[in-house]
Protein chains: 2
Amino acid sequence: MQTLGHVTPQTMAFAEPLPLRSGATLGPYELVYETYGTLNAERSNAVLVCHALNASHHVAGTYAGQERSQGWWDNLVGPGKPLDTNRFFVIGVNNPGSCFGSTGPTHVNPANGQIYGADFPVVTVEDWVDAQARLIDRLGITQLAAVQGGSLGGMQALSWTLRHPARVRHALVIASAPNLSAQNIAFNEVARRAIVTDPDFHGGHYQAHGVVPKRGLTVARMIGHITYLSDDSMEEKFGRSLRAAELAYSTQAIEFQIESYLRYQGDKFSEYFDANTYLLITRALDYFDPAGEFGGDLSAALAQARAKFQVISFTTDWRFSPQRSREIVKALVDNGHDVSYAEIAAPHGHDAFLLDDPRYHAVVRSRYDRIAQEIGA
Amino acid sequence: MQTLGHVTPQTMAFAEPLPLRSGATLGPYELVYETYGTLNAERSNAVLVCHALNASHHVAGTYAGQERSQGWWDNLVGPGKPLDTNRFFVIGVNNPGSCFGSTGPTHVNPANGQIYGADFPVVTVEDWVDAQARLIDRLGITQLAAVQGGSLGGMQALSWTLRHPARVRHALVIASAPNLSAQNIAFNEVARRAIVTDPDFHGGHYQAHGVVPKRGLTVARMIGHITYLSDDSMEEKFGRSLRAAELAYSTQAIEFQIESYLRYQGDKFSEYFDANTYLLITRALDYFDPAGEFGGDLSAALAQARAKFQVISFTTDWRFSPQRSREIVKALVDNGHDVSYAEIAAPHGHDAFLLDDPRYHAVVRSRYDRIAQEIGA
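Residues numbered from 1 in each chain as written. Chains lettered and ligands numbered in written order. Predicted model: local features only at pLDDT ≥ 70, side-chain atom pairs only at ≥ 80, totals over all residues. Heavy atoms only, no water.

The side chains of a regular strand alternate between both faces of the sheet. Residue and element names in this part refer to chain B. Pairing analysis gives six bridges linking strand β13 (residues 308-314) to strand β14 (residues 339-344), with the strands arranged parallel. Bridged to Q310 within β14 is S340. Crossover handedness for the path β13 to helix α9 (residues 322-334) to β14: right-handed. (Pairing = 2+ DSSP bridges. Helix = DSSP H or I, 4+ residues; strand = E, 2+ residues; numbered from the N terminus. Right-handed = clockwise from strand over helix to strand, strands pointing away.)

What follows is the structure, given as C-alpha cells:
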C-alpha cells in the first residue's frame, strides 16, 4: 500500500475572537492543522477529521526526520486507504485548548502577557466545531463531503450536523455517544481530582512555579487507559502474568505485567500532555449533550440535521457502548434521516476505533466510495 | 423484626507468631472480634462471617451511645434474619493488617517499638484464614456450621474450604471470584499509585511525619466506588443531574451531582481509613489465586474441598461478574461437590451483596434453614 509520506503542519491565525458557549471569548488565537490530498476544482471533496482526547491535527503521514511519527489514524487515512487521499482532501485540525499546537493553556494570554494556565477559557464541543468552521471558511470550502471522528471526535462530527447542517454532506460518528453517562463523568472526575489535588498543580498555574503535576497526570492516564481497553483484551494480553518468576510480596513493587504496562503508559503520558488541557477536554466531554436543550429528547435535537450518517460501534467498548450508538441511530431514524449503523464484533474495547479491523475499515471504505460517487471524486 | 441491639467487640491476644505466605511472620498480634447468639452445647452452630476491603468485625448490631453504628451486614444477620442469631452463633473477626482494631500498620511493631507503617508484613487471604482458624480454636470450635463472605470475604470463605476442609460444613461465597482479572488488578494498581505518589505518603511512614496521604486515599476510594456501582444504578441515581440550576463552565467546580457524591465518598473515607491498610488489602486481593498452584486449573484446586457450597452473584456486578462465580461453580461441579448457585437479577452492581434484596436474602435464609436442619439448631 502507498504511504502518505511526509506531512507538514500549518498554522492559521484568527484575529476575531471566538465567542464561546460559556459566554467568554477566545482570541486572538491560532489553529494548527494538516491537509492531505488535493482540493478539487469544485471544492467538494474535503473531509474534516476531528480528534479525541489524546490526539491532534496529525491524523496521517509522518514527519520528516522523526521515527515512529505516524499520525493517529494513519491506518485509515492515506492513498488507497479507506479514507483515500487520492480522492479526498483531508483536513486534520487541532482544537483550541489542546497542548499540541493550537492556542491552549500553555500559551501566552494576550490580555495580560502571562501563560494562560488555569485561566484558559472553558471550551466545548460546539466551540471546537465553530472554530473548525472558521478554518473551513478560510480554506474556501462551503460544504464538507464528510466530517468524521471517533469517541470525542464523533461528538464533534455529530455537532457539525446540528450547528452547520447545510455544510455537512456525510457524518461518520464512530465509537461515540450522544452524551456522557454518570459513570463516564465519574471516571473523568476522578482523573481531574488526581490532577488538581497534586501539590504541583498550584491551582493550574504550575508553569509559573516551574513544575508539572506529573503524579496526578499519571494517575489520570492510568484510569483513562483502563476504560479504553476491554476487560477481555486486557485479560488476553496480560491476564495474571507476573513480571518476575517469584512474587515479591510487596505493596509497592511491580508484581503483575498489567501494573508495569499501566505505570509505563501513565508515566509516558505525563511527560508530554498538559494537565490543564486534560481538565478542559474531559470537561468538554462532560458538557456535550445536544439533547439537553430539548428536554433530553435526542430525536428532537437531531431533527435539524441534514447529513447522511454512518454510525459505528464496537461490541466490547464499555466506555461508549453500542447501546449509546444505538441511541443516536434511533434518534436519526425517528427523523427519517439517512443512517447506516455497523456494530463491529471486535475484542479491543474503545480503542478499537483506532485499530485496523478489516470489517470496520470495509464499512468506512464503502461509505467513502458512496460519497465519491455522489460528488464525482 | 427484632434487632440484635447493642454489641461489644472483644480482643484476643496471640503470643505465637503467625507464619505468613510471604515467608515472614506476624506476632505477637491481637484480633478484634464480635459474636452474636449463643454457641450450643455441641459447639456445632458457629458461623464465621468474613469481611471485605472496607469492613470489620462489626457485622451486625449497634454500639451503645453511637448513632448510625449498625454493622455492615446488619440487614442479613440478627434475630429472625436470614442468618438467624437465635439459631446460630455468629463470629465477625477483623483481619490482621486492617485499621479497625486487629493488629495492623497503625500499631506498634514490638520488634522495634516503632509504628509498623510500611513495615507491616504483606498478608494474604490464606494468612487471614489461618489467623481466623486460630481464633476459632481458642473459642473451642472444631467445625464451623458455615463460613460466609461477600467479595474479598467470599474469597476467604472459599479459602477456608481448601485450607481447613474438615472444619467447614457449608460455605457461602457471595459476589466473589476465584481470582482477580487483569482489569481488577489494574484498578487496584491505579488506587495504589494515587496513594504512594501522594507526597504525604512518605514511603508508608506518614505517621512518623504526622501526616496522612488523604489526597491519594480520596482518589483511591473514588476509583473503587465507581467499580462497586453498576453503570445503570449510577445512571438512575445521578444521571446527568446538575448541582446548580446553571452550568458554571469550570474545570474544578462541581457541576454534576455524581461529582459531588464521589468527592464526598472519597473525603469521608480518607478521614478514617489507613493508607497502608488500603495497600495491604488490595494486594491480598491481587494475590488470591487458589488455582495458581495447580497450573491455573481451578477444578484441581477445589478438589480438596469438603464443604457444601452456596454461590451467589448479581447480574449487574461488573467488578466480580456472574461469569467469575460460574467459574467457581463449574470447578465445584467438576468435582461432584454439593453446590447451589443463585444469580440474582439486581440493579446495584457489586454493592448488591450488602443490600436488602428479597430474592437474595431468601436464598441465604433457605441455606441456613438447611444447615439448621443438619445440625439440629
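Residues and elements named next belong to chain B. If you walk across this open sheet you meet the eight strands as β1-β4-β8-β5-β11-β12-β13-β14, and the pairing is mixed. Single-partner strands in this sheet number two, and they are β1 (10-14) and β14. Taken pair by pair, the neighbouring strands of this sheet meet at an average axis angle of 20°, ignoring direction. (Axes fitted to C-alpha atoms, helices over the stretch in contact; angles between N-to-C directions.)

Considering all chains together, one arrives at 36 aromatic pairs over all chains under this definition. Relative to Y278 of chain A, the ring of F273 of chain A has its centre 6.0 Å away and its plane inclined at 80°; by these criteria the two rings are edge-to-face. You can call Y278 of chain A buried: its relative accessible area is 3%. In textbook terms, an aromatic cluster arises when at least three aromatic residues are bridged by ring pairs, as seen for F100, F269, Y272, F273 and Y278 of chain A. Lying across the ring of F14 of chain B, R138 of chain B places its NZ or CZ 4.8 Å from the centre. A cation sits over an aromatic face here: R319 of chain B above F320 of chain B, 5.5 Å from the ring centre. (Phe/Tyr/Trp six-rings, centres within 6.5 Å; stacked < 30°, edge-to-face > 60°. Buried < 20%, exposed > 50% of the residue type's maximum accessible area, 1.4 Å probe, protein only. Lys NZ or Arg CZ within 6 Å of the ring centre and 35° of its normal.)

On to the UniProt feature "active site" (unreviewed entry) in chain A, then. Residues and elements named next belong to chain A. As annotated in UniProt, the feature "active site" (unreviewed entry) corresponds to S151, D317 and H350 in the numbering used here. A compact arrangement is adopted by the annotated residues: their sequence extent is 200 residues, whereas the largest C-alpha distance between any two is 10.6 Å. With respect to the helices and strands, D317 occurs in the loop between β13 (308-314) and α9 (322-334). Not counting the four nearest positions on each side in its chain, D317 is found in contact with A175, P322, G349 and H350. In this structure, H350 sits in the loop between β14 (339-344) and α10 (358-375). Under the relative-accessibility criterion, H350 is labelled buried at 3%. Leave out the neighbours within four places in its chain, and H350 touches S151, A175, T227, Y228, D317, R319 and F320. (UniProt positions renumbered as here; feature names shortened; annotations may be inferred. Contact = heavy atoms within 4.5 Å.)

Let us look at the interface of chain B and chain A. The interface of chain B with chain A comprises 54 residues on the first partner and 54 residues on the second. For chain B, the biggest contributors to the area lost against chain A are R240, Y249 and T251 of chain B; these three give 16% of the whole. Across the contact surface, chain B and chain A share eight salt bridges. Here E189 of chain A and R263 of chain B are joined by a salt bridge, their closest N and O atoms 2.6 Å apart. The interface formed by chain B and chain A includes 24 residue pairs in polar contact (both at pLDDT 80 or more). Mapped by element, the contributors of at least two residues to the side of chain B that touches chain A are α3 (182-196), α4 (214-228), α5 (231-237), α6 (257-272) and α7 (275-287) of chain B. The element that contributes the greatest number of residues to the side of chain B that touches chain A is α3 of chain B, accounting for eleven residues. The residue makeup of the side of chain B that touches chain A, split by class, is 29 nonpolar, eleven polar and 14 charged. (Buried area = accessible area lost by both parts, 1.4 Å probe. Salt bridge = Lys/Arg side-chain N within 4 Å of Asp/Glu carboxyl O. Polar contact = N/O pair within 3.5 Å; in protein donor to acceptor, adjacent residues only side chain to side chain. Nonpolar A, V, L, I, M, F, W, Y, C, P; charged D, E, K, R; others polar.)

This part is about the packing of helix α4 (residues 214-228) of chain A against α3 of chain B. Orientation of α4 of chain A relative to α3 of chain B, taken along the N-to-C sense of each, is 170°, at an axis distance of 10 Å. Compared by their axis directions, α4 of chain A and α3 of chain B come out roughly antiparallel. Viewed along their axes, α4 of chain A and α3 of chain B form a crossing whose handedness is left-handed. Only Q183, A186, F187, E189, V190, R193 and A194 of chain B of α3 of chain B make contact with α4 of chain A, whose side of the interface consists of V219, M222, I223 and I226 of chain A. Here the contact of α4 of chain A with α3 of chain B is built from residues that sort into eight nonpolar, one polar and two charged. (Parallel < 35°, antiparallel > 145°, perpendicular 65-115°, else oblique. Left-handed = near helix turned anticlockwise from the far one by under 90°.)

With 100% of its residues at a pLDDT of at least 70, chain A reaches an overall mean of 97. In the model output, the complex is listed with pTM 0.97 alongside ipTM 0.96. (pLDDT = per-residue confidence, 0-100.)

The next point concerns empty space enclosed by the protein. Counting across every chain of the model gives five cavities of 30 Å³ or more. Each pocket or cavity is described by its volume, and for the largest cavity that value is around 120 Å³. Lining the largest cavity are 14 residues, with A194, T197 and D198 of chain A together with A194 and T197 of chain B sitting closest to its centre. Those elements giving two or more residues to the lining of the largest cavity turn out to be α4 of chain A together with α4 of chain B. Classifying every residue of the lining of the largest cavity gives six nonpolar, four polar and four charged. Roughly 60 Å³ of internal volume is contained in the second largest cavity. The set of elements that each furnish at least two residues to the lining of the second largest cavity consists of α3 and α4 of chain B. The greatest single-element share of the lining of the second largest cavity, amounting to four residues, is contributed by α4 of chain B. Among the residues making up the lining of the second largest cavity, the classes are represented as five nonpolar, three polar and one charged. (1 Å grid on protein atoms, 1.4 Å probe; cavity = no way out; pocket = protein on both sides within 12 Å on 5 of 7 lines; lining within 4 Å. Points joined across faces, edges and corners; volume = space filled by probe spheres on them.)

Turning our attention to the UniProt feature "site: Important for acyl-CoA specificity" (unreviewed entry) in chain A. Residue and element names in this part refer to chain A. With numbering aligned to this structure, UniProt lists the feature "site: Important for acyl-CoA specificity" (unreviewed entry) at R319. Within the element layout of this structure, R319 appears in the loop between β13 and α9. Other than its neighbours up to four places away in sequence, R319 contacts S151, N184, N188, T227, Y228 and H350.

Applying the stated criterion across every chain yields a total of 48 salt bridges over all chains. We note a salt bridge from E271 of chain B to K214 of chain B, for which the minimum N-O separation is 3.1 Å. Note that E271 of chain B is positioned in helix α6 and K214 of chain B in helix α4, a separation of 57 residues in sequence. Using a relative accessible area of 57% as the deciding quantity, one classes E271 of chain B as exposed. Through salt bridges with shared partners, a single ionic network connects E189, R192, R283 and D286 of chain A together with E259 and R263 of chain B.

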